[in-house]
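Residue-level listing of the chains:
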Amino acid sequence: EFGEIRDFHGTEQNVFREYEKFYRIPPQQKKKQKATDLSDVIDFSNIEANTAKNKSLIIEIETPRGFHSGQYDATKVKAYSIQNVPGLCFIPNPFTPDQQRFWIQRILQDFTVGNPTNVSNLQKIETGQPEVFWTEWKSDYKAALRWATVGYHFQWSHRLYSDAHRGEFPKDLGELCSDLAHHVGLDIIPEAATLNFYPNPKQSMSGHRDDAEDDMSKPIVSISFGNSVIFLIGGKTRDVAPVAFFIRSGDVVIMGGESRECYHGIFKLKVRADDFNLNSN
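To keep things clear, this report deals only with the structure shown in the data block. The structure displayed is predicted, hence computed values, not measured ones.

Examining the overall build of the protein chain
At step 1: Tallying secondary structure elements over the protein chain gives 4 helices and 12 strands in all.
At step 2: Sorting the 281 residues of the protein chain into buried and exposed places 46% on the buried side.
At step 3: Restricting to contacts in the protein chain with at least 6 residues of sequence separation, those with at least 24 account for 67%.
At step 4: For the protein chain, the computed accessible surface area is about 15000 Å², with 47% contributed by carbon and sulfur atoms.

Take a look at the structure:
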């Protein structure tokens, strides 16, 4: 099993669901509410701060030397994997504050508001029809924005991609993902991306598998900006206990190999929120 940290076996619900409930932490603890024990959550940003058990699960990956990328600081890249989670790779934040600001603005302004095909969950708010309308940032929509897509647009109802629902994939985003995958020995030419937004600390992404792509041999590259979260990854069924680790602003998770087919999810956690401070509006 993948990092058994709590004895949830024998419960009526599946094991992954029990871990979800355990780590779904309210944004503010009540006065008499016992704080959730996070000692079993792996922290890649500070290896020495981990418990002895967690340290034994962390494996450093050798990355290529002399590799350069204009999208992030390739000289500071370190990569790790987790024992018993084959194919999962973690790159702690390789971005400078300026680079983070650049990508955050690209995501919000160019990939969401200025996206030529402009596919997001806000698409029908004004017109009630699947038309392109969101051409400028509207702060009133910020709390409602949950996702946008670029490249091939995922069809949520039918769970598929098709040429009939396709936009241009941003060149710089494609290069970013390809370069990051290169650090861990993987190759990818991105064609689709989902941009997930979590405007409320209570929001999360329940355990799921990304299995709608035609070629499951290619990895998923996930890049996060904003406040910290807890990420869970289990096995190919919900009966496998997941392992938990922190994701902080700028961190990169790459799921290749067996991990590509594993259940995973994220859980909002306002912990160490001061580590996300880019001195920007």
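What to know about the sheet that holds strand β5 (residues 147-151)
At step 1: Across the sheet, 3 strands lie side by side as β4-β5-β6; this open sheet has antiparallel pairing. Taken across any chain shown, the strands that pair with only one partner, and hence form the sheet edges, are β4 (119-120) and β6 (192-196).
At step 2: Pairing of β5 with β6 involves 5 bridges; the strand directions are antiparallel. The partner of Val150 across the bridge, within β6, is Ala193.

A closer look at the packing of aromatic side chains
Describing an aromatic ring pair means giving the distance of the ring centres and the angle of the ring planes.
At step 1: Inspection of the entire model under this criterion finds 10 aromatic pairs.
At step 2: When the ring of Phe44 is compared with that of Phe245, the centres are 5.7 Å apart and the planes differ by 75°; the resulting orientation is edge-to-face. Taken together, the positions of Phe44 in the loop between α1 (15-23) and α2 (52-57) and Phe245 in strand β10 (residues 243-247) put the pair 201 residues apart, joining distant regions of the chain.
At step 3: A connected cluster of aromatic rings, assembled from ring pairs, spans Phe44, Tyr80, Phe90, Phe231 and Phe245.

Looking at the packing of helix α3 (residues 97-113) against helix α4 (residues 171-182)
At step 1: Direction vectors running N to C along α3 and α4 enclose 135°, while the axes themselves pass 12 Å from each other. As the angle between them shows, α3 and α4 are arranged oblique. Our pair here, α3 against α4, has a crossing hand that is left-handed. Residues Phe102, Trp103, Arg106 and Phe111 of α3 form the contact with α4, whose own contacting residues are Asp172, Leu173 and Leu176.
At step 2: The residue makeup of the contact of α3 with α4, split by class, is 5 nonpolar, no polar and 2 charged.

Quick notes on the environment of Leu160
At step 1: Relative to the helices and strands, Leu160 is located in the loop between β5 and α4.
At step 2: The spatial distance from the C-alpha of Leu160 to the C-alpha of Asp214 is 9.0 Å, given a sequence separation of 54 residues.

What to know about unusual backbone geometry
At step 1: Of note in this structure, Asn84 is not a glycine but carries a positive phi near 75°.
At step 2: For Asn84, the position within the fold is in the loop between β2 (79-82) and β3 (88-91).
At step 3: The partly exposed category is assigned to Asn84, whose relative accessible area is 43%.

A few points about the pattern of salt bridges
At step 1: Within this structure, the stated rule accounts for 7 salt bridges.
At step 2: With a closest N to O distance of 3.7 Å, Glu18 and Lys21 form a salt bridge. Of this pair, Glu18 and Lys21 both sit in helix α1, 3 residues apart, roughly one helical turn.
At step 3: Overall, Glu18 belongs to the buried group, its relative accessible area being 11%.
At step 4: A relative accessible area of 46% means that Lys21 is categorised as partly exposed.
At step 5: Residue Glu48 is joined to Lys55 by a salt bridge in which the shortest nitrogen-to-oxygen separation is 3.2 Å.
At step 6: The class for Glu48 is exposed, based on a relative accessible area of 60%.
At step 7: Since its relative accessible area comes to 34%, Lys55 is described here as partly exposed.

With respect to the environment of Asn14
At step 1: Within the secondary structure layout, Asn14 lies in the segment before α1.
At step 2: Along the backbone, Asn14 and Arg238 are 224 residues apart, and their C-alpha atoms lie at a distance of 5.9 Å.
At step 3: Engagement of the side chain of Asn14 in a polar contact is seen with the backbone nitrogen of Arg17, the distance being 2.6 Å.

Observations concerning the side chain of His208
At step 1: Mapped onto the secondary structure, His208 falls in strand β7 (residues 204-208).
At step 2: At 3.0 Å, the side chain of His208 forms a polar contact with the backbone oxygen of Ser206.
At step 3: Once residues within four sequence positions are removed from consideration, His208 is found in contact with Cys262, Tyr263 and His264.

What to know about the nonpolar core
At step 1: Counting residues in each nonpolar core, the largest one holds 30 residues, and the members touching the most others are Tyr72 and Leu173.
At step 2: Going through the elements one at a time, β3, α3, β5, α4, β6 and β11 (252-255) are the ones with two or more residues in this core.
At step 3: Element by element, the count of residues in this core is highest for α4, at 5 residues.
At step 4: Residues within four places of Tyr72 in sequence aside, it is in contact with Phe67, Val77, Pro94, Phe95, Gln99, Leu176, Asp179, Leu180 and His183.
At step 5: Of all hydrophobic cores here, the second largest spans 20 residues; its members include Ile42, Ile233, Val253 and Cys262.

What counts as what
Residues numbered from 1 in each chain as written. Predicted model: local features only at pLDDT ≥ 70, side-chain atom pairs only at ≥ 80, totals over all residues. Heavy atoms only, no water. Helix = DSSP H or I, 4+ residues; strand = E, 2+ residues; numbered from the N terminus. Buried < 20%, exposed > 50% of the residue type's maximum accessible area, 1.4 Å probe, protein only. Contact = heavy atoms within 4.5 Å. Areas by Shrake-Rupley, 256 points an atom, 1.4 Å probe, with all protein chains shown as cover. Pairing = 2+ DSSP bridges. Phe/Tyr/Trp six-rings, centres within 6.5 Å; stacked < 30°, edge-to-face > 60°. Axes fitted to C-alpha atoms, helices over the stretch in contact; angles between N-to-C directions. Parallel < 35°, antiparallel > 145°, perpendicular 65-115°, else oblique. Left-handed = near helix turned anticlockwise from the far one by under 90°. Nonpolar A, V, L, I, M, F, W, Y, C, P; charged D, E, K, R; others polar. Salt bridge = Lys/Arg side-chain N within 4 Å of Asp/Glu carboxyl O. Polar contact = N/O pair within 3.5 Å; in protein donor to acceptor, adjacent residues only side chain to side chain. Core = buried A, V, L, I, M, F, W, Y, C linked by side-chain atoms within 4.5 Å.

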